[in-house]
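Close look at the chain arrangement
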Amino acid sequence: MKNILFIPTMFLQMTPLSLAFCLSLLFFFSSCGEKEAPPEVASIRPVRYEKVISSGLGSNNTFSGTCQSDKEAKMSFKVAGKISKLNVEVGDKVKRGQTIAVIDAVDYSITYDQSVDQLKGAKTKQESAETQRIANKSNYERVEKLYENNSVSVSEYEQAKAAYKTSVSQYEAAVSQVSTARKQVDAAKNQVGYTRLTAPFSGIITEVNISENELVGSGTPVAVVSADGRPEVKVGIPENIIADIKKGQQVNIHFSSMPDRNFTGKVKEVAYSSNNSSTYPVTIAINKPSSKIRPGMAASVTFSSEAGKKATSALIAPAKGVGQGPDGNFAFVIEKSGDGYAARKSNVKIGELTPKGFEIKSGLKEGDMVATAGLNSLLDGVKVRLME
């Protein structure tokens, strides 16, 4: 049986306009039972930011450094053995030649005594060989004269000559043995002397790495002595500034441990290479150091521009806030948007990289807030929330 569409009789008697009105009412009431979906709430991304600042280029640059002694020695024994005596502790003042530590020298003393005995034996042999050489020489000269007068046979002459040559060789060998034995004595004596470690210069013991009755090898660091009263500061200078640092240049030095005092100094050494690091080491000599300054203290060194050199002002943006894309460098500027903030992508032209950040040629202005994290995931116009 075919499906038959049922239409009420009342709808068939209506005019087309009335029918359309009734159908509209039907759809309205049927849709009133459906719940309206809530509007989507856009997610707001939290971002960190820093402001674009105006800074003087070539005026003052401050770098962190560490204080050290101008002379430092890591002392070690030339021989191995057991420490029998340790005379210093960390912080002790020592004078040049003062004994720092001693190794048990019994074995080295025995070796020295044996070498002395060998030298005595070699000297005895040398004396005997010399006596024999003199006797054989005298006999050879006597037989030679008799041979010239045909008073002795050729065989007697050759025999005296051979005996003399043999005694000469034996004497020369004995002399060589004495020389070797004397060198062995000197070496053994040095070994005994090496069991005593002395300070190479006057200073303060800043490190002790051993204790008594401990076995140490030759070359093992035992203690560190630093010269007293002549501290220096070593800092690392970036490659874009190192060319402006000159030997003898005056600097200002500030120690965090002495916030109320300022010191001056001058550049003592400027490294030519970076030694596989991102900075170049520069050594600063303190002009009038305080007795409170000690190796290892943190210091800030400020390098001023040369006299007569004008400092140029430039906009500086944080290095973390500048990204690079297909169209060049860019930054996301955080701007006010309604009751919140939005990130606006701005193409920027950068200059030199300074210790404070990138020099900005165009695209930003002083006071702009730029995002400093997640630049690759930000989109132009996205809503953001500032993180302090």
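Residues numbered from 1 in each chain as written. Predicted model: local features only at pLDDT ≥ 70, side-chain atom pairs only at ≥ 80, totals over all residues. Heavy atoms only, no water.

**Points about the sheet that holds strand E5 (residues 81-86)**
To keep it simple, the criterion reads: In short, DSSP must find at least two bridges between two strands for them to pair. Runs of E in the DSSP output that reach at least two residues are strands. Runs of H or I that reach at least four are helices, and both are numbered from the N terminus.
Read from one edge to the other, the open sheet built from four strands follows the order E8-E7-E5-E10, with strand pairing classed as antiparallel. Looking along the sheet, the strands with just one partner apiece sit at the ends: strand E8 (196-198) and strand E10 (215-216). Here three bridges tie strand E7 (residues 99-103) to E8, and the two strands are oriented antiparallel to one another. By the bridge assignment for E8, Thr99 is matched with Thr198.

**Notes on the environment of Ala271**
The criterion, for reference: Note on contacts: a residue pair is in contact if any heavy atoms of the two residues lie within 4.5 Å.
Examined against the element boundaries, Ala271 turns out to sit in the loop between strand E14 (262-270) and strand E15 (279-286). Not counting the four nearest positions on each side in its chain, Ala271 is found in contact with Tyr280 and Pro281.

**Here's the deal with the sheet that holds strand E6 (residues 93-94)**
Sheet architecture is open: four strands sit in the order E4-E11-E9-E6, paired in antiparallel fashion. At either end of the open sheet lies a strand with only one pairing partner, and these are strand E4 (72-76) and E6. Bridging between strand E9 (residues 203-208) and strand E11 (residues 221-226) involves four bridges; their strand directions are antiparallel. When the sheet's bridge partners are listed, Val208 is paired in E11 with Ala223.

**Quick look at the nonpolar core**
Nonpolar side chains tend toward joint burial in soluble globular proteins. Let me state the cut-off plainly: Only buried Ala, Val, Leu, Ile, Met, Phe, Trp, Tyr and Cys residues count toward a nonpolar core, and they belong to the same one when joined by side-chain atoms within 4.5 Å. Accessibility here uses a 1.4 Å probe with only protein chains present; expressed as a share of the type maximum, an area under 20% marks a residue as buried, one over 50% as exposed, and anything in between as partly exposed.
Membership of the largest hydrophobic core comes to 22 residues, with the highest contact counts inside it found for Val233, Ile237, Ile253, Phe255, Ile284 and Phe303. Secondary structure elements with two or more residues in this core: strand E3 (60-69), strand E12 (231-238), strand E13 (250-255), E14, E15 and strand E16 (298-304). If one sorts the elements of this core by residue count, E15 sits on top with four residues. Here Val233 is in contact with Gly65, Thr66, Cys67, Ile253, Phe255, Val282, Thr283, Ile284, Ile286, Ala299 and Val301, once residues within four sequence places are set aside. In this structure, Phe77, Ile100, Ile103 and Ala199 belong to the second largest nonpolar core, which totals 21 residues.

**Here we look at the pairing of E4**
Of the two faces of E4, only one is covered, namely that formed by Ala73 and Met75; the face formed by Glu72, Lys74 and Ser76 stays uncovered. The pairing of E4 with E11 spans five bridges and is antiparallel. Residue pairing across strands places Ser76 opposite Pro221, the latter belonging to E11.

**Some remarks on helix H3 (residues 106-148)**
For clarity, the threshold we go by: In this analysis, the expected span of each helix is defined as 1.5 Å times one less than the number of residues it contains.
When the terminal C-alpha atoms of H3 are compared, their 63 Å separation across 43 residues agrees well with the 63 Å that a helix rising 1.5 Å per residue should span. Taken together, the buried positions of H3 are Tyr108, Ser115, Leu119, Ala122, Gln126, Ala129, Arg133, Asn136, Tyr140 and Val143. Here the buried face of H3 lies against helix H4 (154-193).

**Let's talk about H4**
Here H4 contains 40 residues, and its C-alpha end-to-end distance of 59 Å stays within 8% of the 58 Å for a straight helix at 1.5 Å per residue. Taken as a whole, H4 has its buried residues at Tyr157, Ala160, Ser167, Tyr171, Ala174, Val178, Ala181, Val185 and Ala188.

**What to know about unusual backbone geometry**
Phi is positive for Asn150, close to 60 degrees, though the residue is something other than glycine. Along the chain, Asn150 falls in the loop between H3 and H4. In this model, Asn213 sits at a positive phi of 70 degrees, which is unusual for a non-glycine residue.

**Description of the environment of Glu207**
Assignment of secondary structure puts Glu207 in strand E9. Along the primary structure Glu207 and Val88 are separated by 119 residues, whereas in three dimensions their C-alpha atoms are 9.9 Å apart. Once residues lying within four places of it in the same chain are set aside, the contact partners of Glu207 are Val90, Val222, Ala223 and Val224.

**Some thoughts on the pattern of salt bridges**
Applied cut-off: A pair is scored as a salt bridge if a Lys or Arg side-chain nitrogen falls within 4 Å of a carboxyl oxygen belonging to Asp or Glu.
Scanning the model with the defined rule gives four salt bridges in all. With a closest N to O distance of 3.1 Å, Asp368 and Lys365 form a salt bridge. Given a relative accessible area of 53%, Lys365 falls into the exposed group.

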